[in-house]
Amino acid sequence: MKIDGTAYRTIWLNADGQGVDILDQTRFPHAFEVITLRDLDAAATAIRDMWVRGAPLIGATAAYGMALALRADASDTALAAAHERLLATRPTAINLRWALERCRARLAPLSPRDRPGAAYRLAAEICDEDVAINAAIGEAGLALIREMSARKGGAPVNILTHCNAGWLATVDWGTATAPIYKAHDAGIPVHVWVDETRPRNQGAFLTAWELGRHGVPHHVVVDNAGGHLMQHGKVDMVIVGTDRTTARGDVCNKIGTYLKALAAADNGVPFYVALPSPTIDFTVEDGLAGIPIEERSGREVTHIAGRGPDGVAVDVQLTPDGSDGFNPAFDVTPARLVTGLITERGLCPATAEGIAGLFPERGARS
Ligand code: MRU
C-alpha cells in the first residue's frame, strides 16, 4: 500500500537488521506511527494489546517474535517458552498457532547456533507468502466484482464489509479488501459500506482510513445499518474476512458478522468470506463448539476510546455507573449462510468437499 507515495507493508525488518518495525494500530486514524519491536516481550505485547491485529498479521508478528526471542537465547527451553508465550497472546485467530507451529517445525531440528538466522528468514518468508496469497485472493474476488458490475451495467458495485480485513490486518493488500482494491485499480466503480465495528471500531478507524488512502469511495455506517441497507437494495455483496474457518466452512470473524450474514440471507445478498489458507483450521468441524471466542474487557463496551487529532487519548464513558459491559470479540457464522469462500486458489463453496477440493494436501487434522 502506498502512503504519501511510499510503498509500505505493515511489518518489516528494521534497518539495523534485528529489530522489527510495525505500525501502531492503536494510533490510527490520527497518527501513522512506527514502533520497533526489539524483543519477545515487545512482540507479545504488540499482539496482546492490539498494536497489530488481524489474523494474518498476528501470525506474521508471532513469527518475527520467535526470531527476536531466539536472537537473545536460542536454546530448546527458550524456543518452547517463546512458543508458549506468543500462543497465549490471543485465542481466536488460528494464524497465530499456524505460524508458531511452522516456526517450531523448521527451527527445533536446527542447532541453537543456526536458529536465529533461520527464524528471521522464516518470518520474512511468511510475510512474503502472505502478500502473494492476498494478491491472489484479490484476483479471485475481482472476478466476482467484475461479474456483478457487468450485471449492473457498469453502475457502482456496493460492497459491505465488517471490521478491518484490510491491508492493516495482513502484511499487504488485505483479504476482504484485496478484491476491492483490484477492482478499483481496474477502473470498475465500487462503493464500500464500512461497518464501524464496535466496540473497537476497526471499521471506522482502520478500514475507512485505508479505503480513503487508496481513493475508494465509501461510507462508514453504524453496525446496525446493514440490514436496512440490504432491504433497500443498496448492498450488492458482502465481503468479510475471518479469524478461523473450520474444515466444513463455518466462519469465525469479528462480533456482528453473523448478524450481517443473516440479513444477507434474508435479502438474497451474496455473502462472501475472503481467506488465506492458513486461516483454515482443519482440526475443527463445528465452529460453534470448537472455536475459542476471545472475551475482552467490558470496559471496551462501556467506554469509547480513541485519540484526538492532537494525539491525546480520549476515553469517554458511555454507560451509567454500575452498568457493566460484556464483550465477546468474535462470533461464528454457520457455513450454510456463506455463499462462497474466496481463497488464493480461487472460489469454493463453504463445505467440507469444497475446501478439501481446493486444499487436498492439508487433509484432516493438519
Ligand atoms: O480483533 P481483530 O481486530 O484482530 O479482528 C480482526 C478481524 O476480525 C478480521 O476480520 C480478521 O482477522 C480477518 S483479517 C484479514
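Chemist: Pulling in residues and values, what's your account of the overall build of the protein?
Modeler: Counting its regular elements, the protein contains twelve helices and 18 strands. The globule rule puts the C-alpha radius of gyration for 366 residues at 21 Å, and the 20 Å found for the protein is close to it. Here the protein displays about 14,500 Å² of accessible surface, and carbon together with sulfur accounts for 54% of that area. A distance of 2 Å separates the average location of the 35 positive side-chain charges in the protein from that of its 43 negative side-chain charges.

Chemist: Explain the pairing of strand E8 (residues 218–221) to me, using residue names and the numbers behind them.
Modeler: Sheet topology places strand E7 (residues 190–195) next to E8; four bridges connect them, and they run parallel. Its bridge partner lying in E8, Trp193 is registered against His219. For the segment spanning E7, helix H7 (residues 202–214) and E8, crossover handedness is right-handed.

Chemist: Give me the pattern of salt bridges: which residues, what numbers.
Modeler: Pairing of side chains with opposite charge becomes possible as their charged atoms draw close. Counted according to the given criterion, the structure contains 26 salt bridges. The partner of Asp16 in a salt bridge is Arg38, and the shortest N-O contact between them spans 2.8 Å. With Asp16 in the loop between strand E3 (11–13) and strand E4 (20–23) and Arg38 in the loop between strand E5 (34–37) and helix H1 (40–48), this pair connects stretches of sequence that are 22 residues apart. On the basis of relative accessibility, which here comes to 39%, the residue Asp16 falls in the partly exposed class. Arg115 serves as the salt-bridge partner of Asp76, at 2.8 Å between the closest nitrogen and oxygen.

Chemist: Lay out helix H5 (residues 115–151) in plain terms, naming residues and giving numbers.
Modeler: For H5, spanning 37 residues, the distance from its first C-alpha to its last is 54 Å, which sits close to the expected 54 Å at 1.5 Å a residue. The first or second residue beyond H5 is Gly153, which carries a positive phi of 65 degrees.

Chemist: With reference to specific residues and values, describe the pairing of strand E14 (residues 303–307).
Modeler: Both E14 and strand E15 (residues 313–317) contribute to a ladder of five bridges, which runs antiparallel. If you follow Ala305 over to E15, its bridge partner there is Asp315. In this antiparallel pair of consecutive strands, E14 and E15, the connection spans five residues, and Gly311 shows a positive phi of 85 degrees.

Chemist: Residues and numbers for the environment of Gly256, please.
Modeler: On the secondary structure map, Gly256 appears in the loop between strand E11 (251–254) and helix H9 (257–267). Sequence separation of Gly256 and Asp331 is 75 residues, and the distance between their C-alpha atoms is 6.8 Å. The contacts of Gly256, once residues within four sequence positions are left out, are His162 and Asp331.

Chemist: Could you give an account of the site of the ligand, with specific residues and numbers?
Modeler: Around the ligand sit 18 residues, and of these Arg53, Arg90, Gln202, Asn253 and Lys254 come closest. Between the ligand and Gly54, the relevant distance is 3.0 Å, taken from an oxygen atom to a main-chain nitrogen or oxygen of the residue. Within the side chain of Asn253, one N or O atom sits 2.7 Å away from an oxygen atom of the ligand. Protein contact buries 100% of the 420 Å² of open area that the ligand shows by itself. Elements supplying a minimum of two residues to the shell around the ligand: helix H2 (55–72) and E11. Residue composition of the shell around the ligand, grouped by class: seven nonpolar, seven polar and four charged.

Chemist: Describe the nonpolar core, naming the residues involved and giving the relevant values.
Modeler: The biggest cluster of nonpolar side chains holds 42 residues, and the ones touching the most others in it are Ile11, Leu37, Met66 and Leu107. Sorting the residues of this core by element identifies E4, H1, H2, helix H3 (76–87), helix H4 (94–107) and H5 as the ones contributing at least two each. When residues no more than four places from it in sequence are discounted, the contact partners of Met66 are Leu79, Ala82, His83, Leu86, Leu100, Cys103 and Leu107. Counting 33 residues, the second-largest nonpolar core is a separate cluster that includes Ile133, Ala165, Met237 and Tyr272.

Chemist: Break down the side chain of Thr245 for me, citing the residues and quoting the values.
Modeler: By secondary structure assignment, the location of Thr245 is in strand E10 (residues 244–246). Engagement of the side chain of Thr245 in a polar contact is seen with the side chain of Thr242, the distance being 3.1 Å.

Chemist: Please give an account of the sheet that holds E4 that cites residues and values.
Modeler: Strand order across the open sheet formed by three strands is E3-E4-E5, with antiparallel pairing between neighbours. Edge positions in the sheet fall to E3 and E5, since each of these pairs with one other strand and no more. The average angle at which neighbouring strand axes cross in this sheet is 30 degrees, direction not considered. With three bridges joining them, E3 and E4 adopt antiparallel strand pairing. Following the sheet pairing, Leu13 is matched in E4 by Val20. Contacts from H2 reach E3, E4 and E5, with the element oriented near 25 degrees to E3.

Calculation criteria
- All residue numbers here refer to positions counted from 1 along the written sequence of the relevant chain.
- At least 70 in pLDDT is required for a residue's local features to be given in this predicted model, at least 80 for side-chain atom pairs to be given and counted, and no such filter applies to totals for whole chains, interfaces and linings, which use all residues.
- Derived side-chain values reflect all non-hydrogen atoms in the structure, with water molecules and hydrogen atoms excluded from consideration.
- Secondary structure is summarised from DSSP: a helix means a run of H or I of at least four residues, a strand means a run of E of at least two, and numbering begins at the N terminus for each.
- Our radius of gyration looks at C-alpha atoms and nothing else; its globule reference is 2.2 Å times the residue count to the power 0.38.
- All accessible areas in this document rest on Shrake-Rupley with a 1.4 Å probe, and a residue is counted as covered only by the protein chains that are shown.
- Just so you know, the count uses Lys and Arg for positive and Asp and Glu for negative, and it drops His and the chain ends.
- Every charge is mapped onto a representative atom, which is NZ of Lys, CZ of Arg, CG of Asp or CD of Glu.
- The pairing criterion is simple: DSSP has to find at least two bridges between the two strands.
- Consider the strands pointing away from the viewer: the crossover is right-handed when the path from the first strand over the helix to the second runs clockwise.
- Salt bridge, as used here: a side-chain nitrogen of Lys or Arg that lies within 4 Å of a carboxyl oxygen of Asp or Glu.
- For the exposure calls, accessible area comes from a 1.4 Å probe over protein chains only, and a residue counts as buried if that area is under 20% of its type's maximum, exposed if over 50%, partly exposed in between.
- Multiplying one less than the number of residues by 1.5 Å gives the expected span of a helix.
- What makes two residues a contact is simply this: any of their non-hydrogen atoms within 4.5 Å.
- In this text, near means that some heavy atom of the residue lies within 4 Å of the molecule or strand in question.
- Pairs of N or O atoms are called polar contacts if they sit within 3.5 Å, as long as, within protein, a hydrogen donor faces a hydrogen acceptor (for residues adjacent in sequence, only side-chain-to-side-chain pairs).
- Gly is put with the polar residues, along with every residue not named as nonpolar or charged; the nonpolar set is Ala, Val, Leu, Ile, Met, Phe, Trp, Tyr, Cys and Pro, and the charged set is Asp, Glu, Lys and Arg.
- We call a set of buried residues a nonpolar core when its members are Ala, Val, Leu, Ile, Met, Phe, Trp, Tyr or Cys and they connect through side-chain atoms within 4.5 Å of each other.
- Structural elements are reduced to axes, namely lines fitted to C-alpha atoms, with helices fitted over the stretch in contact, and the angle between N-to-C directions of any two is expressed from 0 to 180 degrees.

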